Amino acid sequence: MTAPTGGWRTDAFALLHTKVERLVGGATAKALSRWRIETVGDLLRHLPRRYFAGAETSDLAALVPGEEVAVLATVRSTKLHHGRYNPDDRSRGQRRAPRGRLEVVVTDGSADLALTFFGNSHLLEHWSAQLPAGARGIFAGKVGEFQQRAQLTNPDYVVLAPDGRVVGGAQRNLALAQVGHDGLIGLYPTTKKLPTWQVAECARLVLEAVEQQLQDPLPAWVRLRLGVPDLVSAFRSVHLPRTRDEVEPARRRLLLDEALAVQVTMAQRRAEAARVPSTPRPRRTEGLLADFDRRLPFTLTDGQQQISEEIFTDLAREHPMQRLLQGEVGSGKTLVALRAMLAVADTGGQSALLAPTEVLASQHHTTITAMLGDMAHADTLHAAEHATRVVLLTGSMSAQQKREALLEVASGRAGIVIGTHALLSAQVQFADLGLVVVDEQHRFGVEQRAALAAKADTRPHLLVMTATPIPRSVAMTVFGDLEVSTLSEVPAGRSEVTTVLVDERRNPRWVDRAWQRIREEVAAGRQAFVVCSRIAESDTVRPPGGDEAEDAVPPRTVEDLHAELVAGPLSGLTVEMVHGRLPAEQKDATMRRFAAGEVDVVVATTVIEVGVDVPNASVMVISDADRFGISQLHQLRGRIGRGAHPGVCLLLTTSPADSEARRRLEAVSRTRDGFQLADVDLAQRQEGDVLGASQSGARSSLRLLRVIDHAEEIQLAREVAEEWVGRPDAATDPVLADLRAQVELLADPEWMERT
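If you're wondering where the values come from, they're calculated on a predicted model, not measured in any experiment.

So, about the overall build of the chain. A count of helical and extended segments in the chain gives 26 helices and 22 strands. The buried share of the chain, taken over its 755 residues, is 55%. Here the contacts in the chain between residues at least 6 apart in sequence split such that 72% fall between residues at least 24 apart. Here the chain has roughly 33,100 Å² of accessible surface; of this, 49% comes from carbon and sulfur atoms.

So, about empty space enclosed by the protein. A complete count under the given rule lists one cavity of 30 Å³ or more for this structure. Lining the largest cavity are F13, L16, R45, P217, L218, L231, R253, D257, A261, L739 and Q742. For the lining of the largest cavity, the secondary-structure elements that each account for two or more residues are α1 (11-16), α10 (247-275) and α25 (734-746). Top contributing element to the lining of the largest cavity by residue count: α10, with three residues. The residue makeup of the lining of the largest cavity, split by class, is seven nonpolar, one polar and three charged.

What follows is about the sheet that holds strand β21 (residues 617-622). Taken together, the six strands give an open sheet; going across it, the order is β17-β22-β21-β18-β20-β19, and neighbouring strands pair in parallel fashion. Two strands close off the open sheet at either side, each with one partner strand: β17 (497-503) and β19 (575-578). When strand polarity is set aside, the average angle formed by the axes of neighbouring strands in this sheet is 20°. Of the strand pairs in this sheet, strand β18 (residues 527-531) and β21 are connected by five bridges, and their pairing is parallel. The partner of Q527 across the bridge, within β21, is A617. Contacts from helix α18 (residues 509-523) reach β17, β18, β20 (601-604), β21 and β22 (647-653) within the one sheet, and its direction differs from that of β21 by about 160°. Contacting β18, β19 and β20, helix α20 (residues 584-595) crosses the sheet at an angle of about 135° to β19.

Topologically, Q151 is positioned in strand β6 (residues 149-153). Residue classification places Q151 among the buried positions, given a relative accessible area of 13%. A distance of 3.3 Å separates polar atoms of two side chains, one belonging to Q151 and the other to T153.

Take helix α7 (residues 196-210) next. Counted at 1.5 Å a residue, the expected span for α7 with its 15 residues is 21 Å, and the 22 Å between its end C-alpha atoms agrees. Every buried residue of α7 is accounted for by T196, W197, V199, A200, C202, A203, R204, V206, L207 and V210.

What follows is about the pattern of salt bridges. Inspection of the entire model under this criterion finds 33 salt bridges. Notably, a salt bridge pairs E272 with R740, separated by 2.6 Å at the nearest N-O pair. Of this pair, E272 sits in helix α10 while R740 is found in helix α25, placing the two residues 468 residues apart along the sequence. Here D503 and R662 are joined by a salt bridge, their closest N and O atoms 2.9 Å apart. Placement of D503 in strand β17 and of R662 in helix α22 (residues 660-670) is noted, with a sequence separation of 159 residues between them. The exposure class of D503 is buried, given its relative accessible area of 9%. By sharing partners, the salt bridges in this structure join R45, D216, R223, R253 and D257 into a single network.

This part covers helix α21 (residues 630-637). Within α21, six of the eight residues are buried, which leaves the element mostly enclosed by the surrounding structure. For α21, the full list of buried residues reads I630, L633, H634, Q635, L636 and R637.

In the structure shown here, the tally under the stated rule is six aromatic pairs. Seen in terms of ring centroids, F117 and W127 are 5.3 Å apart; in terms of plane orientation they differ by 45°. Their pairing is tilted. Of this pair, F117 sits in strand β4 (residues 112-120) while W127 sits in helix α5 (residues 121-130), placing them ten residues apart in sequence. Taking the relative accessible area as the measure of exposure, F117 reaches 2% and is therefore buried. Of the residues examined, W127 reaches a relative accessible area of 16% and is grouped as buried. Ring centres of F139 and Y157 lie 6.3 Å apart, and the angle between their planes is 25°; on these two criteria the pair is classed as stacked. Here F139 is found in strand β5 (residues 136-146), whereas its partner Y157 is found in strand β7 (residues 156-160), with 18 residues between them in sequence. Assessed through its relative accessible area of 3%, Y157 is described here as buried. Linked through ring pairs, F117, W127, F139 and Y157 together constitute an aromatic cluster. One residue, R727, lies across the ring of W221, its end atom 3.8 Å from the ring centre.

Right, let's get into the packing of helix α13 (residues 333-346) against helix α14 (residues 358-372). Closest axis-to-axis distance for the α13/α14 pair is 11 Å, and the angle between their directions is 65°. One way to sum up the angle between α13 and α14 is to call them roughly perpendicular. The crossing of α13 and α14 is right-handed. Along the contact surface, α13 presents T334, L335, L338, M341 and L342, while α14 presents H364, I368, M371 and L372. The residue makeup of the contact of α13 with α14, split by class, is seven nonpolar, two polar and no charged.

This paragraph deals with the pairing of strand β14 (residues 433-439). The buried count for β14 comes to seven of seven residues, which makes it a mostly enclosed element. Across five bridges, strand β11 (residues 350-354) lies against β14 in parallel orientation. In the sheet register, L354 faces β14, and the bridge partner there is V438.

Moving on, we come to unusual backbone geometry. The phi angle at Q148 is positive, at roughly 65°, despite the residue not being glycine. Overall, Q148 belongs to the exposed group, its relative accessible area being 79%. Residues other than glycine seldom take positive phi values, yet D379 does so here, at roughly 65°.

The next point concerns the nonpolar core. Counting 94 residues, the largest nonpolar core has L32, L226, L260 and W724 as the members making the most contacts within it. In terms of residue count, the dominant contributor to this core is α10 (twelve residues). Beyond its immediate stretch of four places on either side in the chain, L226 contacts L218, R252, L256, L260, L716 and V720. Counting 39 residues, the second-largest nonpolar core is a separate cluster that includes A340, M341, V344 and A376.

Another aspect to go through is the sheet that holds strand β12 (residues 389-393). Spatial strand order, β12-β13-β11-β14-β15-β10-β16: seven strands in an open sheet with parallel pairing. Of all strands in the sheet, those bounded by a partner on one side alone are β12 and β16 (483-487). Between one strand axis and the next, the sheet turns through 20° on average, direction left out of account. In the sheet, β12 pairs with strand β13 (residues 414-419) via five bridges, with the strands oriented parallel. Paired with L392 across the two strands is I418, which belongs to β13. The strands touched by helix α12 (residues 302-315) within the sheet are β10 (322-327), β14, β15 (461-466) and β16, with β16 carrying the most contacts at an inclination of about 155°. Contacting β11, β12 and β13, helix α15 (residues 399-411) crosses the sheet at an angle of about 135° to β12.

As a further point, take the packing of α10 against helix α24 (residues 711-725). It is the contact of α10 with α24, at a shortest axis distance of 7 Å, that shows an interaxial angle of 50°. Put simply, α10 runs oblique to α24. Crossing geometry of α10 relative to α24 is assigned as right-handed. Residues R252, L255, L256, A259, L260, Q263, V264, A267, Q268, R270 and A271 of α10 form the contact with α24, whose participating residues are E713, I714, L716, A717, R718, V720, A721, E722, W724 and V725.

Rules and cut-offs
- Every chain's residues receive numbers from 1 upward, in the order its sequence appears when written.
- Selection of residues for local features in this predicted model requires a pLDDT of at least 70, selection of side-chain atom pairs for listing and counting requires 80 or more, and totals for whole chains, interfaces and linings are taken over all residues.
- Side-chain measures were taken over the full set of non-hydrogen atoms in the model, leaving aside hydrogen atoms and water.
- To qualify as a helix, a DSSP run of H or I must reach at least 4 residues; to qualify as a strand, a run of E must reach at least 2; elements of each kind are numbered from the N terminus.
- Each residue's exposure class comes from its accessible area (1.4 Å probe, protein chains only) as a fraction of the maximum for that residue type: buried when under 20%, exposed when over 50%, partly exposed otherwise.
- Only heavy atoms matter for contacts: two residues are in contact if any of them lie within 4.5 Å across the pair.
- In these tables, accessible area is a Shrake-Rupley quantity obtained with a 1.4 Å probe, and a residue counts as shielded only by the protein chains included in the view.
- Cavity means a closed set of points on a 1 Å grid over the protein atoms alone, one where a 1.4 Å probe fits but cannot get out, pocket means an open set with protein on both sides within 12 Å along at least 5 of 7 lines, and lining means a residue has an atom within 4 Å of a point.
- Grid points are joined across faces, edges and corners, and a volume is the space filled by probe spheres set on the points.
- Polar here means any residue other than Ala, Val, Leu, Ile, Met, Phe, Trp, Tyr, Cys and Pro, which are nonpolar, and Asp, Glu, Lys and Arg, which are charged; Gly is therefore polar.
- In this scheme, strands are said to pair when DSSP sees at least two bridges between them.
- Here, axes are lines fitted to C-alpha atoms. For helices the fit covers the stretch in contact, and angles between N-to-C directions go from 0 to 180 degrees.
- Throughout this description, a polar contact denotes any pair of N or O atoms lying within 3.5 Å of each other; where both atoms belong to protein, one of them has to be capable of donating a hydrogen while the other can accept it, and for residues adjacent in sequence the pair is counted only when both atoms sit in side chains.
- For a helix, the expected span equals 1.5 Å multiplied by the residue count minus one.
- Each salt bridge in this description consists of a side-chain nitrogen of Lys or Arg and a carboxyl oxygen of Asp or Glu lying within 4 Å of one another.
- For Phe, Tyr and Trp, where Trp contributes only its six-membered ring, two rings pair if their centres lie within 6.5 Å, and the inter-plane angle classes them as stacked under 30 degrees, edge-to-face over 60, or tilted in between.
- The criterion is that NZ of a Lys, or CZ of an Arg, lies within 6 Å of the ring centre and within 35 degrees of the ring normal, and then a charge sits over that ring.
- Oblique is the label for any angle not covered by the other classes, which are roughly parallel (under 35 degrees), roughly antiparallel (over 145) and roughly perpendicular (65 to 115).
- Two helices cross in a left-handed way if the nearer one is turned anticlockwise from the farther one by less than a right angle. They cross in a right-handed way if the turn is clockwise.
- The term nonpolar core refers to a set of buried residues drawn from Ala, Val, Leu, Ile, Met, Phe, Trp, Tyr and Cys, joined through side-chain atoms within 4.5 Å.

Shown next, in the form of structure tokens:
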């Protein structure tokens, strides 16, 4: 066959991106689109879930109701129930053949599965003759339940000889006969309209159509470094294997193809960034940074010192730093960022710290100003010898406050500018923007970060921070164009936080004890958070990972629980609400009063998840904790135990003991290690669409690569990609161009322009 180039630089990529409809027909192509199969390459990378030979059986005990399956089993028994003629039933003046049913029980030797066939007497007798006791076959359909037993209704089937040959079954299923002759039989994901043997036949048809023309796009040296077979051999070995030994090397080749394409894209973006000019900001031996370090009343952790040195090295280069700084809640990321900003200020440059909320921006301003002391008040009588100005710019500031702040920024007097989206306004002009620090980077879109970077004459250095721990394999894939620094140590002074899971169904009195514990903490001079998943009754919040059980208790709301606590368990205390629908001024005022100790308890949604620093808060009650993901729970818990007082976090739930939600909560209660929890979270919810906007369970754009399982393959692909992109002819290499084009075709724009 001949495929149009379609803009591809190589014949191989053009061929693999041929529409599959051209080979299998429109109706079948439409059915294949259920698995996002649009092209020849999509179909050839749609692999069997498992393989079997004629002597194997399936695990019937593992079947899940609602799942489309194809199982290999042996008939245990067959029972035919003939239908009766209905004298009132006429069809063109003649009786219809009566409908009856055939009940077949198949077994894997330890578990059984019921098969029920409905049809007229002629069909039933034919099926009964093909499925006597002892017959072995493949049975495909949707798993249902009848009288609490799994069953398949009117399944497709073929009967197999001991060597795997198809010797019986519906005529339309005989496509498996040839597969059986070739050795192993692959079981593909199925739907009612497209059983496994039809998928197998489609794969065979497409492979035979293209294999003579398909030249492996990867150079021989790349295949050698990866340790993989050629592409056509890989396709043949996964779809038409003769032995099991062929399958795994072939799967690995296709998996590494995906990893390599992503890592080539990341390597090219790193190389492109290295060619963009930026103003070097070398560290000075004397000045703001040196004075600040001399004043520190504590010693930096080893991690803070090491990462600071990495950042200072980056800042001194003539191309922009692109670094991701991740660290546990309270690990000292802000201090590391402040030292970087001071280093830039020492060169006469400015830094912009972009925060997602006014609460967080105000808190950063307060914290940094306090840490700098008289070094934050340049051009005043009480300023230190080396000093700058720290300016806050938010949307809720008065017109006069904004004018003053804008003047400080434009004149260059403000070396550190902290703000929200207000920093992106066209009114904000910097004298010499040298560094952009983005806090909680996932809260900002591409256009917002680009708008801030555009305010500099040359590309500013970039430091993005996140308190959400990112597993290494995810960081290499999703943030592969950034250098990643990880702060894993927690500085001295952080108190222990005990996390307790409260089962409201089994121990309803423990809920009363939770409110009593808050009263005790307040009586001791401390404060508390109460967190809800929704604001009002009209809000619908699904728990992570699936639908609610039919008997699920409706989640408490901020409004209802606030009223209940004020009138009951917490009466007499100062209890206020904070949620996203309140005016920003009211929300910020409440949080400032809470931070000042004027409010005893805040009942809130997850608006307090990030950046709220109230060292006096020692207890948190999270209502309906099963409504939150692991990462959210970890972030919420990080709001307490930030001072001298030990904290307690109470996770209230009505989720069943054997549910996924309960296992999620048990994981959070067992450890405060955010990186360990990130791995658990990733394993439970899958990685989502790592090339797209969703990171929470959406189907991935990648077919085989799973960042949970394939960290070693991702690392190998990264090393090969670096070497390949670094070659002298890389800029004109058509395969590199097509690999990147393929990734850009799969990925959404937000991912491609993440930095």
